[in-house]
Amino acid sequence: MAKAISPPNLYDKVSLQNPVHRAFDVTIFILLISLLVYRLLHISSNGFAWLLALLCESCFTFTWALTVSTKWNPVEYRTYPERLSQKIQELPPVDMFVTTADPELEPPILTVNTVISLLAVDYPAGKLACYVSDDGCSPITYYSLVEASKFAKLWAPFCKKHNIQARAPFRYFSSEEDEYEELASKINDANKKSIDWNLSGDFAAFSNIERKNHPTIIKTDVLQVVWENKGGISDELPHLIYISREKRPKHPHHYKAGAMNVLTRVSGLMTNAPFILNVDCDMFANNPNIVCHAMCLLLGSRNERESGFVQCPQYFYDGLKHDPFGNQFEVLHKYIGSGIVGIQGPFYAGTGCFHRRKVIYGAYPHDIGIQAKSLTPVHGDLTEKEHLKIFGKSKEFIRSAAHALQGMANTSPKLLPNLTEAANQVAGCGYEYGTSWGKEVGWQYGSATEDILTGLLIHARGWRSVLCTPDRRAFLGCAPGAGPISMTQQKRWATGLLEILISDKNPIIATLTARLQFRQCLAYLWILIWGLRSIPELCYAVLPAYCIITNSSFLPKANEPAICIPVALFLSYLIYSLSEYLEIGLSIRAWWNNQRMGRINATNPWLFGVIGVFLKILRVSGIVFEVTQKDQSSNNGGDEGRFTFDASPLFMPGTTILLLQLTAFVVGFGGMQSPSVNDASGLGEITCSLLVVICFWPFVKGLFGKGKYGIPVSTICKSSLLSLSFVYLVKSASKGQV
Ligand SMILES: O=c1ccn([C@@H]2O[C@H](COP(=O)(O)OP(=O)(O)O[C@H]3O[C@H](CO)[C@@H](O)[C@H](O)[C@H]3O)[C@@H](O)[C@H]2O)c(=O)[nH]1
Ligand SMILES: [Mn+2]
């Protein structure tokens, strides 16, 4: 009997297990537990510092346990797009979404590069459509897209013919006098408003409007390719559609999540592709074959459930040498990232992700049990009335959603007779009232990190996700600049993550009542507690100074055998973390910069994330999505690796911690210590205090720096006041004890 030849695999799943890493993971965990046990045994003979250390170290041990569980089974997927043609008869359509919000913080030239890179990917152009959401409602963004589409008409065929890999033009062109320069200067001039804006003709819709108060503007023909003439299909270039959704004061617009939901509905009316790629405006496609790589994972699995969505890691271009601000996340991607891949699949990261449209619409994997079905009302045979309740009042949209949910591939996009009217309806600011959008279907509301929350609910419904890591990196974006910009981003993340943790959508509930796997729940907890980690980190950083000032101790004496535990812990963590960096070709400086930024981020922006959520609970203030400033040029002088500051309170905790250590040195060496209660402070405390100072070295430089490199005098004054009151308080408290 002849054997049936099965078609080749479109991907392989490879285990990256490393016994040495596991040994370190376990050793450190055992040392942490030993330290806790030792502290507990000696708690009665020690003071407050000992107790506080015990509490902090319990938190660190918990975090470490989460880390180890998350990293335990690293896995990688390898994709074989060259085999697609043997296995798949016809490639499915893909709708590509780009969001932009502010032409000043997000220069249109960046958005344009992202859009051009997407228009030029290696995939049948008739199967692609690109939708750009502009929350800034800016004629400049629209103008830039029009210019970009003219450019793309020549650029895309050129790239395909010569197999150019870098398809974002600014990555390819370098000289001053090339074709791209003309496009770039037109757009940059427009953005600097150095040309006269005439808001008439095609631009009339933008006249007399305010950014936060305007009707929907949709331009379906940015590319001037004719929907009418060719029945909606163009062979040369994908469709390009510009959307600025309606905004009115007093109507919440839910920031990026709201924009994504509008894009989902408008595209549902127009092309209704079964797959959706979404990228932020600065994340250009760096690998022209990326859609095919993703298709290997989306179409190649035996069960759809295996790939609810396909995420590409968020990498950055032109990263500074040695990662001075610790924001390139290489090590995080490598070890934590691949670890999560081995559990239920990567988190949704908000950009560089391929979704199944029906999953976004709330569908379950078809073989899932009843347990997960409480999460959305979407199931197989919904009546029209139920559809209306879930998806809103547009009959056209409901029809398209029903198609998408039944998994019917929409190969030929149809031009609805009343398309504009229907599109305006679903992009209106009141459309979602009383529907399931943002709650059970679509991108989720209620967290500043809408990405993690949206992904969490998909996992909770029983879907798995996959990480797509082709050799040439899939998408590249801008890493935020130094100081204030990255602090604001970290604060937003800590805020959004904590919002999820304290909500009824938190992963523990999802594990108990739905289909979130237990270890995936631990992985989610690992990330969701980022903000909360600020509290033990802050206490631990203050502890050495506290001990020196009050002449107490939180470590065993240098001549006690027990000192071996913290020393071994410190050394093994040091060797392990350093080896992780060296193993993937990063430098010792990069390692150190990341350790240092880890401490700075944990004690400053993350702390404000916690405060923000606390104020939200008290209803003092709401949470806003502060857009990260993006800058194309990373080379602005020789000082780009230097930390910068502004007058924001975000820098106060760090400054205070530093001043406290310095005060402690003065007290300690100036002989102003209190008489000791039980155990005088010693070498251990001094060493730790020095370590803290070294970690906060950018702040030390900031104390003496000028301009943006200096900590503002007002911050230094406030922090001095804080540290002096702290010293006064602990001094008087410890006097009271003697
Ligand atoms: O009201 C808004 C605010 C933001 N955005 C867009 O959202 C994207 C992400 O915003 P950005 O300021 O770049 O945030 P980052 O911190 O860089 O983004 C990370 O974190 C976000 C969640 O906090 C995720 O949504 C992003 O995908 C992820 O890259 C950008 O394209 C913005 O244009 C909007 O469309 N409307
Ligand atoms: Mn970004």
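Conventions and cut-offs
- Residues numbered from 1 in each chain as written.
- Chains lettered and ligands numbered in written order.
- Predicted model: local features only at pLDDT ≥ 70, side-chain atom pairs only at ≥ 80, totals over all residues.
- Heavy atoms only, no water.
- UniProt positions renumbered as here; feature names shortened; annotations may be inferred.
- Salt bridge = Lys/Arg side-chain N within 4 Å of Asp/Glu carboxyl O.
- Helix = DSSP H or I, 4+ residues; strand = E, 2+ residues; numbered from the N terminus.
- Buried < 20%, exposed > 50% of the residue type's maximum accessible area, 1.4 Å probe, protein only.
- Near = heavy atom within 4 Å.
- Polar contact = N/O pair within 3.5 Å; in protein donor to acceptor, adjacent residues only side chain to side chain.
- Areas by Shrake-Rupley, 256 points an atom, 1.4 Å probe, with all protein chains shown as cover.
- Nonpolar A, V, L, I, M, F, W, Y, C, P; charged D, E, K, R; others polar.
- Pairing = 2+ DSSP bridges.

- With an unreviewed UniProt entry as reference, the protein chain is termed Cellulose synthase-like protein H1, source organism Salix dunnii.
- Here the protein chain is described in UniProt, under the heading Subcellular location (unreviewed entry), as follows: "Endomembrane system".

### Digging into the pattern of salt bridges
Consideration 1: If you walk through the whole model with that rule in mind, you get 25 salt bridges.
Consideration 2: Among the ionic pairs, Glu106 bridges to Lys630, the shortest N-O distance being 2.6 Å. Placement of the pair is Glu106 in the loop between strand E3 (94–100) and helix H4 (108–119) and Lys630 in the loop between helix H22 (605–617) and helix H23 (652–669), with a sequence separation of 524 residues. The residues Glu106 and Lys630 share a single accessibility class, namely buried.
Consideration 3: Two residues, Glu147 and Lys186, come together in a salt bridge whose shortest N-O distance is 2.9 Å. Taken as a pair, Glu147 in helix H5 (residues 139–162) and Lys186 in helix H7 (residues 179–191) lie far apart in primary sequence, 39 residues in all.
Consideration 4: Bridged by salt links that share partners, the residues Asp135, Arg245 and Lys247 form one connected network.

### Some words on the site of ligand 1
Consideration 1: Around ligand 1 lies a shell of 24 residues, among which Asp135, Lys256, Glu450, Arg492 and Thr628 are the nearest.
Consideration 2: Glu106 places a polar side-chain atom, nitrogen or oxygen, 2.9 Å from an oxygen atom of ligand 1.
Consideration 3: Within the side chain of Trp493, an N or O atom sits 3.1 Å from an oxygen atom of ligand 1.
Consideration 4: Contact with the protein chains removes 97% of the 680 Å² of surface that ligand 1 exposes when unbound.
Consideration 5: Among the residues forming the shell around ligand 1, the class breakdown is 8 nonpolar, 8 polar and 8 charged.

### Regarding the pairing of strand E7 (residues 275–280)
Consideration 1: Buried residues dominate E7, accounting for 6 of its 6 residues.
Consideration 2: Where burial is concerned, the two faces of E7 agree: the one with Phe275, Leu277 and Val279 and the one with Ile276, Asn278 and Asp280 are both buried.
Consideration 3: In the sheet, E3 pairs with E7 via 6 bridges, with the strands oriented parallel. Residue pairing across strands places Thr99 opposite Asp280, the latter belonging to E7.
Consideration 4: With 4 bridges joining them, E7 and strand E11 (residues 353–356) adopt antiparallel strand pairing. Following the sheet pairing, Asn278 is matched in E11 by Cys353.

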